[in-house]
Amino acid sequence: DYLANKKKKEEVIKDGKEVKPLITQTLTLNDIIVQNAIGLINNTIIENAIKNNKSVKINVFSNAEYSEDGIAAWYLPASNIIYLHESMLKPQHLSEGLPLIAHELIHSVTEQSLQFDKDFQREIQSLLVSVKNQSEIKDFYGFKDTSEFLSEAFSSQEFRQLLKNTQFNNTE
C-alpha cells in the first residue's frame, strides 16, 4: 500500500510507545526474489525503470505490531524504502508476496511523476474514472487512487484483464 500521504512512517506510535521495525534482512534489486517479482510485471518500460532505481531497498520486518493496520507492505518515497513483513517471503505465501513486491516496486518508480507532473496525474485520474465507470466491479484496489491505479495496472493480472476489456475513446 502506498502510504506517503498517510500516517505510516518509519516509526509507529502504539499505546504511547514508539515501535520500530525489527529488520531481519534488507533486499535489493540484485536479490533473486526481487528479480522474480520484477519478472511478473511484463512491461519493459516499468521493469527497466525499476532496475534503474538502484537506491530502492526492501526492509523485511518481523514484528507484526509495526504494521498497526495489518498491511503487509508499503512504500515510503521520502526514503525510497519498501517495508515488507517477513511472512510474505515464506514459501506458502510467495504467490502473494512476489506480486506485492512488484506492486511496491512500481510505486517506487511512478510516484515522482504522480507527485510532480500535474498533467500526468490528471491523465491517470481521467483513466481511473473512465475504467471505474465502465466496470461492473467497483471495489478493485486499483480504484483507490491514481497511485494504486498505476501500480495495479502493472502488477495485478486481474486488474490488467479489466483494463484490456475497457473501451477507451481517442482522447483517453
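Residues numbered from 1 in each chain as written. Predicted model: local features only at pLDDT ≥ 70, side-chain atom pairs only at ≥ 80, totals over all residues. Heavy atoms only, no water.

Draft legend 1. Expanded view of the sheet that holds strand β3 (residues 23-27). Read from one edge of the open sheet, four strands run β3-β4-β6-β5, paired in mixed fashion. Every other strand in the sheet has two partners, leaving β3 and β5 (73-76) as the edge strands with one partner each. When strand polarity is set aside, the average angle formed by the axes of neighbouring strands in this sheet is 20°. Against the sheet, helix α3 (residues 94-116) engages β4 (57-61), β5 and β6 (81-85), with an angle of about 15° to β5. (Pairing = 2+ DSSP bridges. Helix = DSSP H or I, 4+ residues; strand = E, 2+ residues; numbered from the N terminus. Axes fitted to C-alpha atoms, helices over the stretch in contact; angles between N-to-C directions. Contact = heavy atoms within 4.5 Å.)

Draft legend 2. Representation of the confidence of the model for the chain within the structure. Here the chain shows a mean pLDDT of 88. Residues at 70 or above account for 90%. Within the model, pLDDT remains below 50 along residues 1-7, and this stretch shows 24 contacts once partners closer than five positions in the same chain are excluded. (pLDDT = per-residue confidence, 0-100.)

Draft legend 3. Highlighting helix α4 (residues 118-134). In this model α4 runs 24 Å from its N-terminal to its C-terminal C-alpha over 17 residues, within 8% of the 24 Å that 1.5 Å per residue would give. Burial in α4 covers these residues: Ile124, Leu128, Ser130 and Val131. Projected down its long axis, α4 carries its buried residues within an arc of 165°, all on one side. Residues Arg122 and Asn133 are exposed on α4 and point more than 90 degrees away from its buried face. For α4, the secondary structure elements touched by its buried residues are α3, α5 (146-155) and α6 (157-164). The N-capping residue of α4, defined by a side-chain oxygen 3.2 Å from the backbone nitrogen of aspartate 119, is aspartate 117. (Expected span 1.5 Å × (residues − 1). Buried < 20%, exposed > 50% of the residue type's maximum accessible area, 1.4 Å probe, protein only. Arc of directions from axis to C-beta. Polar contact = N/O pair within 3.5 Å; in protein donor to acceptor, adjacent residues only side chain to side chain.)

Draft legend 4. Structural context of the packing of aromatic side chains. For the structure shown, the criterion picks out nine aromatic pairs. Here tyrosine 66 and tryptophan 74 contribute two aromatic rings whose centre-to-centre distance is 5.5 Å and whose plane-to-plane angle is 45°, an arrangement assigned as tilted. Like tryptophan 74, tyrosine 66 is buried. Seen from their ring centres, phenylalanine 140 and phenylalanine 159 are 5.6 Å apart, and the 70° between their planes marks the pair as edge-to-face. Of the two residues, phenylalanine 140 is situated in the loop between α4 and α5 and phenylalanine 159 in helix α6; the sequence distance between them amounts to 19 residues. A single burial state applies to phenylalanine 140 and to phenylalanine 159, both of which are buried. (Phe/Tyr/Trp six-rings, centres within 6.5 Å; stacked < 30°, edge-to-face > 60°.)

Draft legend 5. Quick look at unusual backbone geometry. A positive phi angle is found at asparagine 42, which is not glycine, with a value near 60°. Within the secondary structure, asparagine 42 is located in the loop between α1 (32-39) and α2 (44-52). For asparagine 42, a relative accessible area of 59% translates into the label exposed. Here the phi dihedral of asparagine 80 falls at roughly 55°; this positive angle occurs in a residue that is not glycine. Considering the arrangement of structural elements, one finds asparagine 80 in the loop between β5 and β6. Overall, the relative accessible area of 12% leaves asparagine 80 in the buried class.

Draft legend 6. Looking closely at the packing of α3 against α5. In contact at an axis separation of 8 Å, α3 and α5 are set at 130° when each is read in the N-to-C sense. Overall, the two elements α3 and α5 adopt an arrangement that is oblique. Considering only the axes of α3 and α5, their crossing is right-handed. Contacts from Pro99, Ala102, His103, Glu104, Ile106, His107, Thr110, Glu111 and Leu114 of α3 reach α5 at Thr146, Ser147, Glu148, Leu150, Ser151, Glu152, Phe154 and Ser155. Along the lines of polarity and charge, the residues of the contact of α3 with α5 split into six nonpolar, seven polar and four charged. (Parallel < 35°, antiparallel > 145°, perpendicular 65-115°, else oblique. Left-handed = near helix turned anticlockwise from the far one by under 90°. Nonpolar A, V, L, I, M, F, W, Y, C, P; charged D, E, K, R; others polar.)

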